[in-house]
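# Results of the structural survey
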Amino acid sequence: MVYELKDTSKVKELFADWQETLIYSCLQNVMGKIYVTDTEKPESAFAFVGCFGFFAGRPDREMVSHKPDGFVILVPQNGAWSALIEECYPSAKKVVRFAIKKDTFFDVEMLQKEISKLPPEYELRQIDAALYDQCLKNPETADFVSAFESKEQYLKIGRGIVILKDGKIVSGASSYTRYNEGIEIEVDTLTSERRKHLATIACSALILKCLEEGLYPSWDAQNIHSVRLAEKLGYEFDHEYTAYEVTTEARPHERF
């Protein structure tokens, strides 16, 4: 049987060498959940938040088979976990993702200059209750807020900046998840509005907001385009890692 673990301190060591803020969110009980097969002395663990799941400890087939419904991105701690994922989900898509260093020193003046490039027909806004609702209405912007349990939770601990055109969200950067010390950034732009510098502006504004509040704006890249945007903002590439996209339904909107 697979159980939700309430005392997450019992699996802290299993994830000890994993610098991943989504795991921090689960371990800190900010958002997400930890699952185990033994709640007293767990040797294996699965941290799940948003659509991401991370396997750590002793590889366990039962744990891998206990996939949440819908589309998930499963991240193995090592090759043994990878082998189990491939056995349990032969149709899983094996992908390479790109980890970004967590100790970025940001050039505030440069970020401010990027924000000043916003064209006059666009408006920069912080996500509030009304914009939260608007985010959920479009698959291209839903991930700005959808990992949070409720609107109330997002408005309390989430952080987000969007760019509006004629009152509609066309680009933005938001907290995909939140942990005690910071956020994990989610960024996207409507297909029709891309290559207009909007993502850079939105990210610059969100990073500055985080710095003002003493929060770290963490970044993890789905593709090389996301890596390049991150580097433009001052981040540094760290390493590649393997993940598996598994679904029982249609793939959601492609995002960074």
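Please read these numbers as outputs of a predicted model, since none were measured by experiment.

Per the secondary structure count, the chain includes eight helices and 13 strands. If one aligns the C-alpha atoms of the chain with their principal axes, the spans along those axes are about 55 × 35 × 35 Å. Expressed as a percentage of the 256 residues in the chain, the buried residues total 54%. For the chain, the proportion of contacts with a sequence separation of at least 24, taken over those separated by at least 6, is 67%. Just so you have it, the chain exposes about 12200 Å², and 49% of that area is on carbon and sulfur atoms.

Applying the stated criterion to the full structure yields zero disulfides. Cysteine C135 remains unbridged, with the sulfur of C203 as its closest cysteine sulfur at 14 Å. The buried category is assigned to C135, whose relative accessible area is 0%.

So, on to the sheet that holds strand β10 (residues 182–189). Sheet architecture is open: five strands sit in the order β7-β8-β9-β10-β11, paired in mixed fashion. Whereas interior strands pair on both sides, the edge strands pair on one side only; in this sheet they are β7 (123–126) and β11 (216–218). Taken pair by pair, the neighbouring strands of this sheet meet at an average axis angle of 30°, ignoring direction. Here four bridges tie β7 to strand β8 (residues 160–165), and the two strands are oriented antiparallel to one another. Among the inter-strand pairings, Q126 is bridged to a residue of β8, identified as I161. Contacts from helix α5 (residues 129–136) reach β7, β8 and β9 (168–179), with the element oriented near 100° to β9.

Attention now goes to the pattern of salt bridges. In this structure the tally under the stated criterion is 20 salt bridges. Among the salt bridges present, the one from R125 reaches D128, with a minimum N-O distance of 3.2 Å. Classification of R125 by relative accessible area gives partly exposed; the value is 28%. A residue is classified by how much of its surface remains accessible, and D128, at 30% relative accessible area, is partly exposed. The partner of E213 in a salt bridge is K209, and the shortest N-O contact between them spans 3.0 Å.

Strand order in this open sheet of eight strands is β1-β2-β3-β4-β5-β13-β6-β12, and the pairing throughout is mixed. Sheet topology places β1 (3–4) and β12 (220–221) at the edges, where each strand pairs with a single neighbour. With three bridges connecting them, strand β5 (residues 72–76) and strand β13 (residues 237–246) associate as antiparallel partners. If you follow L74 over to β13, its bridge partner there is Y244.

Attention now goes to the pairing of β10. Counting buried residues along β10, eight of its eight residues qualify, which places the element largely inside the surrounding structure. Both β9 and β10 contribute to a ladder of eight bridges, which runs antiparallel. Within β10, the residue paired with Y179 across the bridge is G182. Note: β10 against β11, three bridges, orientation parallel. Bridge assignment links G182 to a residue of β11, and that residue is Y216. Taken together, β10, helix α7 (residues 198–213) and β11 form a β-α-β motif whose crossover is right-handed.

Let's shift gears to the nonpolar core. Among the nonpolar cores identified, the biggest contains 40 residues, and V11, F15, I34, F54 and I127 are the most heavily contacted of them. Examining the composition of this core, we find that four residues originate from one element, helix α1 (residues 21–27), more than from any other. What V11 contacts, discounting residues up to four positions off in sequence, is L5, L27, I34, V36, P42 and A45. Judged by nonpolar contacts, the second largest core, of 33 residues, contains I183, C210, Y216 and L229.

For α5, the set of buried residues is L131, Y132, Q134 and C135. End-on view of α5: buried residues confined to an arc of 165°, all on one side of the axis. Where α5 is buried, its residues touch β7, α6 (151–157), β8 and β9. For α5, the N-terminal capping position is held by D128, with its side-chain oxygen 3.3 Å away from the main-chain nitrogen of A130.

Rules of the game
- Residues numbered from 1 in each chain as written.
- Predicted model: local features only at pLDDT ≥ 70, side-chain atom pairs only at ≥ 80, totals over all residues.
- Heavy atoms only, no water.
- Helix = DSSP H or I, 4+ residues; strand = E, 2+ residues; numbered from the N terminus.
- Buried < 20%, exposed > 50% of the residue type's maximum accessible area, 1.4 Å probe, protein only.
- Contact = heavy atoms within 4.5 Å.
- Areas by Shrake-Rupley, 256 points an atom, 1.4 Å probe, with all protein chains shown as cover.
- Disulfide = S-S within 2.5 Å.
- Pairing = 2+ DSSP bridges.
- Axes fitted to C-alpha atoms, helices over the stretch in contact; angles between N-to-C directions.
- Salt bridge = Lys/Arg side-chain N within 4 Å of Asp/Glu carboxyl O.
- Right-handed = clockwise from strand over helix to strand, strands pointing away.
- Core = buried A, V, L, I, M, F, W, Y, C linked by side-chain atoms within 4.5 Å.
- Arc of directions from axis to C-beta.
- Polar contact = N/O pair within 3.5 Å; in protein donor to acceptor, adjacent residues only side chain to side chain.

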